[in-house]
Amino acid sequence: MGLEEGSTKKHTGFCESGKCSVVIFVLVAIGIAVVACVTFLFPAVRTTVPPTETPTTTLTWWQTTIIYQVYPRSFRDSNGDGVGDLKGVIEKLSYFNDLGVGAVWLSPFFTSPMRDFGYDVSNYTEVDKIFGNMADFDELIRTAHEKDIKIIIDFVPNHTSNESTWFKDSRNSMDQYKDFYIWNAGKTLPNGTHVAPNKWISVFEGSSWTWDDVRKEYYYHAFLDSQPDLNYRNPAVRAAMKDVLRFWLNKGVDGFRIDAIPHLFEHVDLSLEERPGMSDAFDPDRYKYTKNQPEIFDVVREWREVLNQYEGERFLVAETVGIPQEERQKYYEAGSVPFFFDLIPVARGSRGCPNTLAQCYLTRIIDGMNLKGAQWPNFVIGNHDNRRIADRIGQEYADAMNMMLLTLPGTPTSYYGEELGMRGGNYTGFQPKDPFAITSNNPNNSRDSERNPMQWSNTVNAGFMDGTGEPWLKITANTEYPRVNVEEEGKVNGSSLQLYKELAQLRARPGFRSTHIEHPEIFGEVLTYIRGVDVDKYLVALNLGLVGFRLDITQIGYSQGTVVFATNFSRKNTIIQLASFHLQRGEGLVIKL
Ligand code: NOJ
């Protein structure tokens, strides 16, 4: 207001001269022309639709399923020790059938001192006692297959635990294992102080080199000092890790999720330093010499060859956090699917998301679809390293977010509990359990919240465990879990769980089994797109904004449709006039056109 008043005053003299009306006329005419053009060309914010459409007939199991991530520690504890286990997963196998999920990815359950809750493996071919034993795993895979559920397991090739016998032998320079890890003497100053070979920083903060007093050398670790990196320039390491793959393939696993793959190699020239002051994990030069090195793809190709020696289609999905677009192509070409993580950092006002949420998602969805030939897209919105959707975006958006994930092209990956709209645990004031928070001395780095126990029922400990023991992470949603749990939501029409199940069914329709998407657009903060083919087309509309919004979407060539799925159950089966319909904040509709 103040500015407008100021500007009027400023121009009074010019207007008095009489030239003002001519200028205003010209400006108004230009303005009208621009608005007309923009309205004609861009009724909403439009983007280019990737032209590819994959034939629906030749798809394999991992292209047509939903992948559901189970973090075994937190899923279901069958023996009341407070930690989830394999028997707990077996108990719940029918749940995956009910959900409409055809593949389960299990985070690590291998023998481990649990410094990083299993991402520090001390024996790759054993089941850790806390999770059960090998007989349990055999039963799990047999029963899962009987129920038509594929099992994908975590493969943690970048590093072992420092308690692995490989590392122990390497510290002692035992012949076969001498060069299994990345050792370097660094420098020793005249006063006897040891100085690391360079200033490379670990992902979990602090130097990525730790001095070992047994071997009298430094070893390199991309993550914790208890997670020494294997040396992939040593053929014996490559052979040993291929044997690990064969071990589990022989047990019948259907695929692997490859942990931390961009960290597999470090530059050979240890004198190279990152630019000084690079504390910023988002800087493309961050980890320039310790991430995304070209040799990675030779190793992925070798793994793919191992998998190809087994019957059926075995799946390799790579944990590719923070990789550039060109690198994604290379993962595909090497025979793996790189997880598309770019939807995860999107949050209101977050870094990398200067615009509205809908705009951010739209841009990233288009990026995610920007693939070559038959490369198959995939989308992920949560996992054990990131805040739950209900906390990151808001609980009232949780259903719309599931609607987005399950209606986008390609393979979706869901994190356990997200189908309920579950919040993460609130562990403020608790001593963090996550080593990242502990080593960095920063509770904000803690991933405990998203690893909170699954909520199965309204009984004590939300049915995560029987009895009155304490789960490894407390259930903090004391007022919420009596409502937000599998048993209760199973009974309530219109619950998050019911909606999830319905959307899972929708994915079975032929039009959802292609990469075809039309009209990805935004109207204000409403994200829209059309999926489906021929006469079986669906408009998805998701209001990700903070306020309600009325839109006219007739330009897509349809005037009305019927709501088949809705975050607000009462709208189901209603007819929508596409010239004017309203969506509350957080509301999502799937409209049959
Ligand atoms: C990625 C995993 O997702 C994360 O949980 C783990 O801490 C690191 N890799 C190190 O293994």
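Not measured: the values here are computed from a predicted model. (Residues numbered from 1 in each chain as written. Predicted model: local features only at pLDDT ≥ 70, side-chain atom pairs only at ≥ 80, totals over all residues. Heavy atoms only, no water.)

A. Up close: the site of the ligand. Around the ligand, a shell composed of 13 residues is seen, among which Asp116, His159, Asp259, His384 and Asp385 lie nearest. Asp259 places a side-chain nitrogen or oxygen 2.9 Å from a nitrogen atom of the ligand. A distance of 3.0 Å separates an oxygen atom of the ligand from a polar side-chain atom of Arg447. Here the ligand, which alone exposes 300 Å², has 97% of that area covered by the protein. In terms of residue class, the shell around the ligand is built from three nonpolar, three polar and seven charged. (Near = heavy atom within 4 Å. Polar contact = N/O pair within 3.5 Å; in protein donor to acceptor, adjacent residues only side chain to side chain. Areas by Shrake-Rupley, 256 points an atom, 1.4 Å probe, with all protein chains shown as cover. Nonpolar A, V, L, I, M, F, W, Y, C, P; charged D, E, K, R; others polar.)

B. Layout of the packing of aromatic side chains. The tally for this structure, following the rule as stated, stands at 41 aromatic pairs. Ring plane angle 70 degrees and centroid distance 5.0 Å describe the contact between Phe167 and Tyr219, whose orientation is recorded as edge-to-face. Here Phe167 is found in helix H7 (residues 165-171), whereas its partner Tyr219 is found in strand S11 (residues 217-220), with 52 residues between them in sequence. The pair formed by Phe167 and Tyr219 is uniform in burial state, with each residue classed as buried. Ring-pair connections join several aromatic residues into one group, and the members of that group are Tyr68, Phe75, Tyr95, Phe96, Tyr415, Tyr416 and Trp456. Over the aromatic face of Tyr397 sits the side chain of Arg348, whose NZ or CZ is 4.9 Å from the ring centroid. Lying across the ring of Tyr538, Lys592 places its NZ or CZ 5.7 Å from the centre. (Phe/Tyr/Trp six-rings, centres within 6.5 Å; stacked < 30°, edge-to-face > 60°. Helix = DSSP H or I, 4+ residues; strand = E, 2+ residues; numbered from the N terminus. Buried < 20%, exposed > 50% of the residue type's maximum accessible area, 1.4 Å probe, protein only. Lys NZ or Arg CZ within 6 Å of the ring centre and 35° of its normal.)

All we've got here are geometric facts, nothing functional implied.
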